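Take a look at the letters that make up each chain.
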Amino acid sequence: MYTIDLKGKVGLVTGIVNKYSIALHIARKLHEAGMELYVTYANPDLRERVEEVIPGLDPLGLFECDVQKEDMVKAVFEEIRKKHDTIHTLVHSVAYAPREELGGSFVETTTRQGFLTALDVSSYSLISLTRQAAPLMNEGGSIIAMSYIAAQTVIPGYNVMAIAKSALENIIRYLAYELGSKNIRVNGISAGPVNTLSARGIKGVTTMLKVYPEKAPLKRNITADEVGDAALFLLSPMSSAVTGEVLFVDAGYHIVGM
Ligand SMILES: NC(=O)c1ccc[n+]([C@@H]2O[C@H](COP(=O)([O-])OP(=O)(O)OC[C@H]3O[C@@H](n4cnc5c(N)ncnc54)[C@H](O)[C@@H]3O)[C@@H](O)[C@H]2O)c1
């Protein structure tokens with residue numbers, strides 16, 4: 001049997017806020033495979049909440065990192081560099097859009113500021129985190145970011161976040177193209193709906209969770225644990241020739257036309 005052994009590898013996981021976070025499920029899989037992890041959280045108010053759910057991960061460090069603040073992004077990697085000259089993995093699992101931007105009429109409710117905020121947090125942040133992470137990936141590396149099918153087809157109500165995911169998927173391709181020569185791979189996972197804090201901000205998530213078991217080939221919803229398994233694949237040598245890809249982990253929903 002082939003086992004994925006990531007002992008001796010070091011990674012950074014962003015986007016854990018509570019026990020439902022997809023990032024936590026990814027982090028658990030990486031930890032079980034032997035990877036040592038740094039973890040970030042978005043703001044000081046969340047630290048305690050995050051501390052409660054990560055003890056099993058035994059992280060090397062827990063740092064505040066609001067991805068809208070470039071200095072904070074840089075500071076995280078300066079902290080990491082104090083202990084490690086090399087990292088192997090970056091998990092981008094961060095997204096945000098103001099609640100008023102989600103649901104309702106796309107054309108009427110999408111504001112300039114909401115658009116900029118959504119793309120700053122949910123898309124640009126992959127560029128800024130990668131800019132800092134790549135120099136530390138001197139043995140090659142693997143980066144993943146979390147997307148959703150609304151990047152490619154219309155999901156009513158997902159609105160500006162869909163635009164952010166489209167940008168994210170193209171950023172994945174540009175980063176993969178540029179960093180390939182350093183053996184740094186960049187991929188995305190397009191997950192089916194999972195009931196998390198962010199998902200609850202999307203009007204219509206309850207409908208999404210009902211539609212997948214009816215329409216998806218596997219006739220069910222997915223779990224965050226299954227996203228963790230796919231992430232483990234993309235972050236391990238098992239996927240050594242895969243880059244610039246967006247892997248659907250959605251029970252096959254994306255192949256169904258009607
Ligand atoms: N849950 C789903 O149905 C689903 C489906 C497809 C893709 N995704 C994506 O998965 C990723 C993780 O979301 P989740 O569903 O686990 O929800 P979540 O709420 O657990 O995670 C979202 C994270 O983004 C962080 N964040 C928001 N603004 C930030 C900022 N300025 N700086 C740093 N961090 C910030 C939050 O603190 C939180 O940890 C997101 O990219 C989301 O769009 C989720």
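Here we come to the overall build of the protein chain. Regarding its fold elements, the protein chain presents nine helices and seven strands. Judged by the C-alpha coordinates and their principal axes, the protein chain covers about 50 × 45 × 40 Å. Partitioning the contacts of the protein chain with sequence separation of at least 6, the portion at a separation of at least 24 is 73%.

The environment of the ligand is made up of 27 residues, and the closest members are Val-17, Ser-21, Met-146, Thr-196 and Ser-198. Elements represented by at least two residues in the shell around the ligand include exactly α1 (22–32), β5 (141–147) and α7 (197–200). Grouping the amino acids of the shell around the ligand by side-chain chemistry returns 19 nonpolar, seven polar and one charged.

Pairing within the open sheet is parallel, and its seven strands lie in the order β3-β2-β1-β4-β5-β6-β7. The open sheet has two edge strands, β3 (61–64) and β7 (246–249), and neither has a second partner. Pairwise comparison of adjacent strand axes, ignoring direction, gives a mean angle of 20 degrees for this sheet. As paired strands, strand β6 (residues 184–191) and β7 are joined by four bridges and run parallel to one another. The residue bridging Gly-188 from the neighbouring strand is Val-246, located in β7.

Tracing the chain through its elements places Lys-210 in helix α8 (residues 205–215). For the pair formed by Lys-210 and Pro-193, sequence separation is 17 residues and the distance between their alpha carbons is 9.8 Å.

One finds Ile-16, Ala-27, Met-161, Val-227 and Ala-231 to be the most contacted residues of the largest nonpolar core, which totals 81 residues. Here this core takes 10 residues from helix α6 (residues 159–179), the largest share from any one element. Among residues more than four places away in sequence, those in contact with Val-227 are Ile-22, His-25, Ile-26, Ile-189, Ala-191, Ile-222 and Val-249.

Definitions and cut-offs
Residues numbered from 1 in each chain as written. Predicted model: local features only at pLDDT ≥ 70, side-chain atom pairs only at ≥ 80, totals over all residues. Helix = DSSP H or I, 4+ residues; strand = E, 2+ residues; numbered from the N terminus. Contact = placed C-beta atoms within 7 Å. Near = placed C-beta within 6 Å. Nonpolar A, V, L, I, M, F, W, Y, C, P; charged D, E, K, R; others polar. Pairing = 2+ DSSP bridges. Axes fitted to C-alpha atoms, helices over the stretch in contact; angles between N-to-C directions. Core = buried A, V, L, I, M, F, W, Y, C linked by C-beta atoms within 7 Å. Buried ≥ 20, exposed ≤ 12 C-beta atoms within 10 Å, placed from the backbone.

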